[in-house]
Amino acid sequence: MPILEVTDVSKVFPGVRALDGVSFALQPGEVHALVGENGAGKSTLIKLLTGVYQPDGGELRYRDEPARFATPMDAQRAGISTIYQEVNLVPLMSVAHNLFLGREPRNAFGLVDERRMIREASEILVRYGVTTDVRRPLGTMALGAQQMVALARAVMVDAKVVIMDEPTSSLEPREVETLFGVIRDLHARGIGIVYVSHRLDELYQICDAVTILRDGKVVHTGKLAELERIKLVSLMLGRDMSAVRREGFTGFAGDHTGAADAPPVLRVTGLSSRHRLHDISFAVRPGEVVGLGGLLGAGRSETIKAIGGAYPVDAGEIEVGGRTLKNPTPVRAVQAGIAVQPEDRKAEGIVAGLSIRENIALAVLPRMARWGLVSDRRIDKIVDTYMTRLRIKASGPDQRVGDLSGGNQQKVLLARLLATQPRVLLLDEPTRGIDVGAKAEVQALIDELAADGLGVVLVSSDAEELVEGADRVVVLRDGAVVGELTGTNVTTEALLETIAAAAVSSEEPHDN
Amino acid sequence: MTALAVPVETEERTSERSDRIVDLVQRQGALAVLVVVVIIAAAAFPNFRGYDNAGTILIAAAPPALIALGMTFVIITGGIDLSVGSLYVLGGVVSAYASKWGFLPALLVPLALCGLVGVVNGVLIAYTRMAPFIVTLAALLGARGLMRALSNEGSTTYLVGDDGFRSFGTGSFLGIGYPVWLVAVVFVLGMVLLSRTRFGRSVYAVGGSEDAASLMGVAVRRTKVTVYVMSGLLAGLAGGINAAKLGSGVTVLGTGMELDAIAAVVIGGTLLTGGAGTIAGTIAGVLLLGVIQNMINQVGNVPSSYQQVISGAFLAVVVVAQTYLVKLRRRT
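How each quantity is defined
Residues numbered from 1 in each chain as written. Chains lettered and ligands numbered in written order. Predicted model: local features only at pLDDT ≥ 70, side-chain atom pairs only at ≥ 80, totals over all residues. Heavy atoms only, no water. Helix = DSSP H or I, 4+ residues; strand = E, 2+ residues; numbered from the N terminus. Buried < 20%, exposed > 50% of the residue type's maximum accessible area, 1.4 Å probe, protein only. Contact = heavy atoms within 4.5 Å. Areas by Shrake-Rupley, 256 points an atom, 1.4 Å probe, with all protein chains shown as cover. Salt bridge = Lys/Arg side-chain N within 4 Å of Asp/Glu carboxyl O. Patch = residues over 30% accessible without salt bridge, like charges linked within 9 Å, V, L, I, M, F, W, Y side chains within 5 Å. UniProt positions renumbered as here; feature names shortened; annotations may be inferred. 1 Å grid on protein atoms, 1.4 Å probe; cavity = no way out; pocket = protein on both sides within 12 Å on 5 of 7 lines; lining within 4 Å. Points joined across faces, edges and corners; volume = space filled by probe spheres on them. Nonpolar A, V, L, I, M, F, W, Y, C, P; charged D, E, K, R; others polar. Buried area = accessible area lost by both parts, 1.4 Å probe. Phe/Tyr/Trp six-rings, centres within 6.5 Å; stacked < 30°, edge-to-face > 60°. Lys NZ or Arg CZ within 6 Å of the ring centre and 35° of its normal.

Another aspect to go through is the overall build of chain B. Along the backbone of chain B there are 13 helices and two strands. Within the span of chain B, comprising 332 residues, buried residues form 50% of the whole. Contacts spanning at least 24 positions in sequence make up 76% of the contacts within chain B whose residues lie at least 6 apart. By element, 67% of the accessible surface of chain B is carried by carbon and sulfur atoms, the whole surface being about 15100 Å².

Within chain A, the regular secondary structure consists of 18 helices and 20 strands. Split into buried and exposed, the 512 residues of chain A put 51% on the buried side. If you take every contact in chain A between residues at least 6 apart in sequence, the share linking residues at least 24 apart comes to 65%. As displayed, chain A has an accessible area near 22600 Å², and 50% of this comes from carbon and sulfur atoms.

What follows is about the pattern of salt bridges. Residues and elements named next belong to chain A. As enumerated under the stated definition, the model contains 17 salt bridges over all chains in all. Notably, a salt bridge pairs aspartate 133 with arginine 135, separated by 3.2 Å at the nearest N-O pair. Linking glutamate 448 and arginine 391 is a salt bridge whose minimum nitrogen-to-oxygen distance equals 3.6 Å. Residue glutamate 448 is found in helix 16 (residues 436-451), and its partner arginine 391 is found in the loop between helix 14 (376-389) and helix 15 (406-419); the two are separated by 57 residues along the sequence.

Residue and element names in this part refer to chain B. Together, Val120, Leu124, Met130, Phe133, Ile134, Leu137 and Leu141 give the surface a local cluster of nonpolar side chains, amounting to about 610 Å² of exposed area. Mapped by element, the contributors of at least two residues to the nonpolar patch are helix 4 (103-127) and helix 5 (132-150). A per-element tally of the nonpolar patch places helix 5 first, with four residues. Relative to the helices and strands, methionine 130 is located in the loop between helix 4 and helix 5. Using a relative accessible area of 37% as the deciding quantity, one classes methionine 130 as partly exposed.

So, about the UniProt feature "transmembrane region" (unreviewed entry) in chain B. Residue and element names in this part refer to chain B. UniProt's feature table lists "transmembrane region" (unreviewed entry) at residues 30-48, 54-75, 104-126, 133-151, 171-194, 225-244, 279-296 and 308-326, given in the numbering used throughout. Taken end to end, residues 104-126 comprises 100% helix and 0% strand; its first and last C-alpha atoms sit 32 Å apart. Summarising residues 279-296: 100% helix, 0% strand, and an end-to-end C-alpha distance of 26 Å.

All names here are of chain A. Taken as a whole, this structure holds four cavities of 30 Å³ or more when the rule is applied. A volume near 170 Å³ is recorded for the largest cavity. Here the lining of the largest cavity gets four residues from one element, more than from any other, and that element is helix 5 (residues 143-156). Tallied by class, the residues present in the lining of the largest cavity amount to 10 nonpolar, five polar and three charged.

Moving on: the interface of chain A and chain B. Each side of the interface is counted separately: chain A has 34 residues, and chain B has 31 residues. Taking both sides of the interface into account, the surface hidden between chain A and chain B amounts to around 2700 Å²; carbon and sulfur atoms contribute 59%. Linking chain A to chain B there are one salt bridge. The shortest N-O distance in the salt bridge between Arg198(B) and Glu104(A) comes to 3.5 Å. Looking at the side of chain A that touches chain B, the elements with two or more residues in it are helix 2 (72-78), helix 3 (95-100) and helix 18 (492-511) of chain A. Partitioning the side of chain A that touches chain B into residue classes produces 13 nonpolar, 10 polar and 11 charged.

Another aspect to go through is the packing of aromatic side chains. In the structure shown here, the tally under the stated rule is six aromatic pairs over all chains. Lying across the ring of Tyr97(B), Lys100(B) places its NZ or CZ 4.0 Å from the centre.

Time to look at helix 8 (residues 198-208) of chain B. For helix 8 of chain B, the buried fraction is high: eight of the 11 residues fall into the buried class. Taken together, the buried positions of helix 8 of chain B are occupied by Gly200(B), Arg201(B), Ser202(B), Val203(B), Tyr204(B), Ala205(B), Val206(B) and Gly207(B). Contact partners of the buried residues in helix 8 of chain B: helix 3 of chain A together with helix 2 (51-76), helix 7 (178-196), helix 9 (210-215) and helix 10 (220-246) of chain B.

Looking at the secondary structure, you find Asn121(B) in helix 4. In this view, Asn121(B) contacts Asp81(B), Ser83(B), Val135(B), Thr136(B), Ala139(B) and Tyr228(B); residues no more than four positions away in its chain are not counted.

Once that is clear, we can look at the layout of surface pockets. Summary: where empty space remains is shown by rolling a probe the size of a single water molecule over the atoms. Residue and element names in this part refer to chain A. For the second largest pocket, the calculated volume is near 1400 Å³. Arg199, Asp201, Ser461, Asp462 and Ala463 are, among the 46 residues lining the second largest pocket, the residues nearest its centre. Breaking the lining of the second largest pocket down by element, the ones donating at least two residues are helix 6 (173-188), helix 7 (200-206), helix 8 (229-237), helix 16, helix 17 (463-469) and helix 18. Grouping the amino acids of the lining of the second largest pocket by side-chain chemistry returns 17 nonpolar, 15 polar and 14 charged.

A separate point is the environment of Arg17(A). Residue and element names in this part refer to chain A. If you trace the backbone, arginine 17 turns up in strand 2 (residues 16-26). Since its relative accessible area comes to 46%, arginine 17 is described here as partly exposed. Once the C-alpha coordinates of arginine 17 and glycine 41 are considered, the two residues, 24 residues apart in sequence, prove to be 9.2 Å apart. Beyond its immediate chain neighbours, meaning those up to four positions away, arginine 17 contacts Ser10, Lys11 and Val12.

Here's what the structure looks like:
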């Protein structure tokens, strides 16, 4: 008997049929994977289950009765908790207040019992590996720890169903283990879990059943163990299995030979920043993709930001095309030919409220302005060129970027970077949070750009992407370079070994 | 392993300590400045030190304090209420007008009218998602017009007819005017409401992140409507108290009171962007502005307009300091 079930539901938005006759059933104690490309309808389905949207047709049943949730509050009260992909808590409020918001323990006068709340919050969070002072504002904690608070919040209510939308996207491996521990515990308690993730390894590790959505329809549902990995990908993409086999999981074609003896387009020497970066040196030749590997917090993003002039540097030298970049600031870095794609696309990258045209034009305005004026025709031409070249799918250049899919948003961001005509492209997690199809396209684009002679630095938490995409991988740990993989040595195994070996060797001096 | 753990932990502890210091300065900065200013004033002006003068400062600060209290709730939700200055004047006129029916009507009629305007503000802001600035600006103009119509373009001044109401405004207990005691009680209630109730937490949550708050199950709309109603009610109460104090509904005061209230709230450490702030800070902000006014009166030959120059300077300094503190916190 399913605990939560939808039958033949549809949801129509102006111009789009987001869900079309979808049926989905969650059994108690089941971990049910919900997969599909972005735009396949996963988010819409989740929002129907949690009271954010109302279905246009079909039936929603919860605990064997027809149900209707008018608001997220209704769904939560009924026992359906949700953890969203981006942490949806209040950063300025304390950890304890976030954890208990709306259900604070109260004393005999109906007032919030602050002491009890703080004590209980600490007790609960210890079980999730979070040991900081719970009176601290949530925003001062690391993203992974914030996600753990969100998880604790979702689970501590008397939940019958927990929905997790990309819960691991900001977690470190250790935290992923904690999360899986919690999931196993929920599973044992008979709680139904809907698990949405793009990471196949995780799905096969933790999920019992799977439902695959494509273009708003269910294309497969059943036991996950009985579904071959490659079959799952092909169902998701709607691509032929043999094609997936032939082309691999990523969109990268292979090595870019580059000119092995050409002078480097980017050379970083002895880059240091207090506490975070220690003496980092590497070089990128034109046409070469250099990966930065390492765990979360190893200093990859900081390195990229430092080169882009957006992170304070104490020592070190950055050379672009043989010329030293003095006192780097974002403006000077762009002028020198450095383009940075930040990790957090929404906060630091695109301007969601502006159109595609305006987003791309932002970058070219300073370069194209004559006496402060810019010709509309010239902008249109540039925008048109990049929309075609990067295959941006949109109704037109005037569409709001915020309405595009994650993959297309990323392409707009790339277009904007390319419009500055950079010599070096620094990409921080270029495929995070975008669907498999768009991922392959972005990866293919990176290939093309390198082939055109750009120097590319690639940061990715996805080991496969790093290994298949990069010609060389510089491995970081605790803000220092601990190894470099070159040639045939660029493999997932070697990468993991280097990270692991580095972990051991860096602990030794402390023990002695 | 243990050797490795030690440096990590101390680093975290210092960062936590600096976090707390930043937090403390942000919340209690106005109080510290207030203490310094009071000490300077007490040293410089013998008349400032008197108990009577303290009573004068408090009674003058009572109506602005009420308005600032309502504004604190509104600003913490990330909103703004520009209508309170007009409502304050309207409340005073209506209170004086209603005083011919007795004490209770003089107190309750302005509350009902201004509360109603607050309901309209809140509903428009929460349900139609119009910008609070525009909605309350419209209410400011509307309330001002209504006040002008009631007072025949300011030519009619209603005198307070009820003796009980008049003596409530002018009488005192322990040398402190009755209105100050009432305001003190309202502030205590306000503090408990903001810091110790679920409603108070939802006020912070809505201002901190409206989307997150609504996904966490906070009744965002109801919270917003409530704070605007409170703000309207408190402005009406302030108007009523002022009428009782002055013995008539004065139509010329109160222009720009909403801006003074915003200034006091921001000086008190409440973030104009919402999500953080305290009522204790607002008290310090209101008193700071009141003490500066009083000091300038003590000097005597300085035009009181300079009070606004000094308040403005304080406001600028506080906003710069806040911005800096927020940056500092992001870094740690």
